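# Coordinates in review
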Amino acid sequence: MDAVLIIQSLISGIMMGMVYALLGVGFSLTWGVMHVINISHGAFGLLGAYMAYSLLQYFGVDPIVSAAVSVPLLFLVACGIYQLLIRPITRAQNVVMASMILTFGLAIILENVMAIIWKADPRVLTPTYSSGALILGPFYFQYPHVVGFGLSLAGITAIYLFLKKTYTGMAVRAAWQQPEAARLYGVNLYWISMITFALAVSTAGAGGICLALLNSFEPHSHNLWLINLFLVVIVGGVGNVIGTALAGLIIGVITGLSMAFLPFLWVNLVTFGLLMIFLIFRPHGIFKQEGI
Amino acid sequence: MLSVENITVCYGQMKALREVSLEVSTGQMVALIGANGSGKSTLINAISGLVPIAGGEITWEGQTLKGLTPDNICREGIIQVPEGRKLFPAMTVEENLIMGAYHPNVRKQAQESLQKVFSTFPRIADRRRQFAGSLSGGEQQMVALGRALMAKPRLLMLDEPSLGLSPKAAAEIFDIIRGLNKEGMTILLVSQEVMQTLAITTYGYVLENGVLALKDSCDRLLEDPKVKTSYLGL
């Protein structure tokens, strides 16, 4: 086999994986901290992508710049959704099940709203640099991929620092690991859940923008994204941010390599065969329970 | 300082506490003893706001705690060290302690308090970068105590601080608790270790099946024939 091709697809896989990692981290956090499995996570990512698309198409705003507006906007929208829809169901007997049903409905609503606004045609983000490429010796990387990778890396680093260095971020981890003790030391679980949910949704938006720089997208793309999110979170361990990020990279690399060397129809077979194997042998993920 | 008047707590149909009253005044160390399942933890969880009360009233410095959530009660300076320690296992010792100073009133002094806790417990200072889940039971209890001290308690409630510890570690913890009270800390100590508890406290309450069975000074409780047979096995 050609070494250049292997390395090229390896690096492409890492770039793709970093984007999945960014999308997966928020999915993992709401699951771990709030026991909310947010089926609409991918749909919010797609919403971020469409917002970037419109701002680019009609106002010529670069996706990196527009992310600075759309991501905080999604944060606020998510706070509202939390208050209106998510908070009531966290009192349910079975939060996991209730949250899946609720957010499944939310995903369908979002998908249809997006189909109405942006039509069902596939879209691509074509920023000014979309035809350019970074050439490093024998390797070749399209600029949008490089930007998507960089943005994802920045997003994950920001989440990591938030969780590790700020009081609110530490409270998020504390509430996940030992909710009762967190309450005893002054953590308001509702407040922390709202922050977690909003953070997850807004990073989903950022991840969606990054993914849109790599691939074309249409209103139902979030279904496929979601399946990949499950894969990333199950491999990385629920609630484990570093694990999720690493799992994103691993899965990106596996996908990248199988795309390069296997017939296209085999790619999903390989990745989801992997998911089955994980669910049977290491249902808690490849890493120890401890994480961030 | 703290006064619990005739409180009743229900878990579904079951009454876990029935019209229980208790007083703690400033600087005092009060014991709350009783067998497993007698309602000791329920009582301090009611004070902390973790379980709702069905009747009666809890007042703190003349004001009712009714309707306050645990985070608000924590802000008042009523701090609980929960049974089983309940540390944040995947956070480091230092992060666990810092979380103790989460509420805004004490957050600014966190670094100062951290140094103080480390000088009180040099053993956990050496382990500050380790995950709390990896420590021994005695060390974990020190972290739990340290985390509570970070919150600058005005009333410290300890739930079974010696549970699951070796006799040596338990004795060490009781020494620390006595030391804290000597320095002026108001303490409500919940324990099944009746002898050790009554030896360091001044006043005690005995719970039985959710009802207050006895209350008296600890010297007299130690002499009480009922306490002797039921709890001391004499």
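What counts, and at which threshold
Residues numbered from 1 in each chain as written. Chains lettered and ligands numbered in written order. Predicted model: local features only at pLDDT ≥ 70, side-chain atom pairs only at ≥ 80, totals over all residues. Heavy atoms only, no water. Helix = DSSP H or I, 4+ residues; strand = E, 2+ residues; numbered from the N terminus. Rg over C-alpha atoms; globule rule 2.2 N^0.38 Å. Buried < 20%, exposed > 50% of the residue type's maximum accessible area, 1.4 Å probe, protein only. Contact = heavy atoms within 4.5 Å. Areas by Shrake-Rupley, 256 points an atom, 1.4 Å probe, with all protein chains shown as cover. Lys, Arg positive; Asp, Glu negative; His and termini not counted. Charge placed at Lys NZ, Arg CZ, Asp CG, Glu CD. Phe/Tyr/Trp six-rings, centres within 6.5 Å; stacked < 30°, edge-to-face > 60°. Expected span 1.5 Å × (residues − 1). Buried area = accessible area lost by both parts, 1.4 Å probe. Salt bridge = Lys/Arg side-chain N within 4 Å of Asp/Glu carboxyl O. Polar contact = N/O pair within 3.5 Å; in protein donor to acceptor, adjacent residues only side chain to side chain. Nonpolar A, V, L, I, M, F, W, Y, C, P; charged D, E, K, R; others polar. Pairing = 2+ DSSP bridges. Axes fitted to C-alpha atoms, helices over the stretch in contact; angles between N-to-C directions. Core = buried A, V, L, I, M, F, W, Y, C linked by side-chain atoms within 4.5 Å.

Looking only at helices and strands, chain B has 11 helices and 10 strands in total. In summary, chain B has a C-alpha radius of gyration of 17 Å against a globular reference of 17 Å for 234 residues, a match within 12%. Across its three principal directions, the C-alpha atoms of chain B cover 45 × 40 × 35 Å. Counting over 234 residues, chain B shows a buried share of 54%. Within chain B, counting contacts between residues at least 6 apart in sequence, those at least 24 apart form 67% of the total. Approximately 10,000 Å² of chain B is accessible, and the part contributed by carbon and sulfur atoms is 48%. Distance between charge centres in chain B, computed from 24 positive and 24 negative side chains, equals 4 Å.

The next point concerns the packing of aromatic side chains. Residue and element names in this part refer to chain A. Across all of its chains, the model carries nine aromatic pairs over all chains by this definition. Residues F27 and W31 carry aromatic rings whose centres are separated by 5.9 Å and whose planes lie at 75° to one another, so their mutual orientation is edge-to-face. Note that F27 and W31 are positioned in helix α1 (residues 3-34) at a spacing of four residues, about one turn of the helix. Here F27 matches W31 in class, with each residue buried. Considering the side-chain rings of W31 and F230, the 5.8 Å spacing of their centres and the 75° angle between planes classify their relative orientation as edge-to-face. Taken together, the positions of W31 in helix α1 and F230 in helix α9 (residues 221-236) put the pair 199 residues apart, joining distant regions of the chain.

Take α9 of chain A next. Residues and elements named next belong to chain A. For α9, spanning 16 residues, the distance from its first C-alpha to its last is 23 Å, which sits close to the expected 22 Å at 1.5 Å a residue. Counting buried residues along α9, 13 of its 16 residues qualify, which places the element largely inside the surrounding structure. Positioned one or two residues after α9, G237 has a phi angle of 100°, which is positive.

Contacts between the two partners involve 29 residues from chain B, matched on the other side by 20 residues from chain A. Here chain B meets chain A over a buried area of about 2,400 Å², counting both sides, of which 64% is carbon and sulfur. At the junction of chain B and chain A, the tally comes to three salt bridges. Close ionic contact of E95 of chain B with K164 of chain A constitutes a salt bridge, the shortest N to O distance being 3.3 Å. Counting the contacts that link chain B with chain A gives six residue pairs in polar contact (both at pLDDT 80 or more). It is helix α3 (residues 93-100) of chain B that contributes the most residues to the side of chain B that touches chain A, four residues altogether. The class makeup of the residues in the side of chain B that touches chain A is 20 nonpolar, four polar and five charged.

Okay, the sheet that holds strand β1 (residues 2-11) of chain B next. Residue and element names in this part refer to chain B. Judged by pairing direction, the sheet is antiparallel, and its four strands sit side by side in the order β2-β1-β4-β5 without closing on themselves. The open sheet has two free edges, formed respectively by β2 (14-24) and β5 (63-64), since each of these has just one partner strand. Strand direction decides the pairing type here: β1 and β2, joined by seven bridges, are antiparallel. In the strand pairing of β2, L2 is matched with V24. The strands touched by helix α1 (residues 40-48) are β1, β2 and β4 (55-60); relative to β1, the strand with the most contacts, the crossing angle is about 110°.

In this section: the sheet that holds strand β3 (residues 29-34) of chain B. Residues and elements named next belong to chain B. The six strands are arranged β6-β7-β8-β3-β9-β10 in an open sheet whose pairing can be described as mixed. What marks the edges here is a single partner per strand, and that holds for β6 (78-81) and β10 (211-217). With strand direction ignored, the average angle separating the axes of adjacent strands in the sheet is 15°. For β6 and strand β7 (residues 155-159), the ladder comprises four bridges, and the chain directions are parallel. Its bridge partner being in β7, V81 is matched across the sheet by L158. On the sheet, helix α8 (residues 167-182) packs against β3, β7 and β8 (186-191) and is oriented at approximately 155° with respect to β8.

The next thing to look at is α1 of chain B. Residue and element names in this part refer to chain B. Counting buried positions along α1 yields eight of nine residues, so the element is predominantly enclosed. What α1 keeps buried is the set K40, T42, L43, I44, N45, A46, I47 and S48. Positive phi appears at G49, one or two residues downstream of α1, with a value of about 85°.

Residues and elements named next belong to chain B. Structurally, G56 can be placed in strand β4. Taking the C-alpha atoms as reference, G56 lies 14 Å from A16; in sequence the two are 40 residues apart. Beyond its immediate chain neighbours, meaning those up to four positions away, G56 contacts E5, N6, I7 and K66.

In globular proteins that are soluble, nonpolar side chains generally tend to be buried together. Core analysis: the biggest nonpolar cluster contains 137 residues, and F44, L125 and F217 of chain A together with M99, L156 and I187 of chain B have the highest contact counts within it. The element that contributes the greatest number of residues to this core is helix α8 (residues 189-214) of chain A, accounting for 15 residues. Excluding its chain neighbours within four sequence positions, the residues that come into contact with M99 of chain B are M170, A171, A174, Y185 and V187 of chain A together with F88 and M91 of chain B. In terms of nonpolar packing, the next biggest core, distinct from the first, is built from 26 residues, V30, L32, W60 and L207 of chain B among them.

Looking now at the pairing of β4 of chain B. Residues and elements named next belong to chain B. Where β1 meets β4, five bridges bridge the pair, whose relative direction is antiparallel. The partner of S3 across the bridge, within β4, is T59. Here two bridges tie β4 to β5, and the two strands are oriented antiparallel to one another. Its bridge partner being in β5, T59 is matched across the sheet by T64. Counted between consecutive antiparallel strands, the loop separating β4 from β5 contains two residues, among which E61 sits at a positive phi close to 50°.

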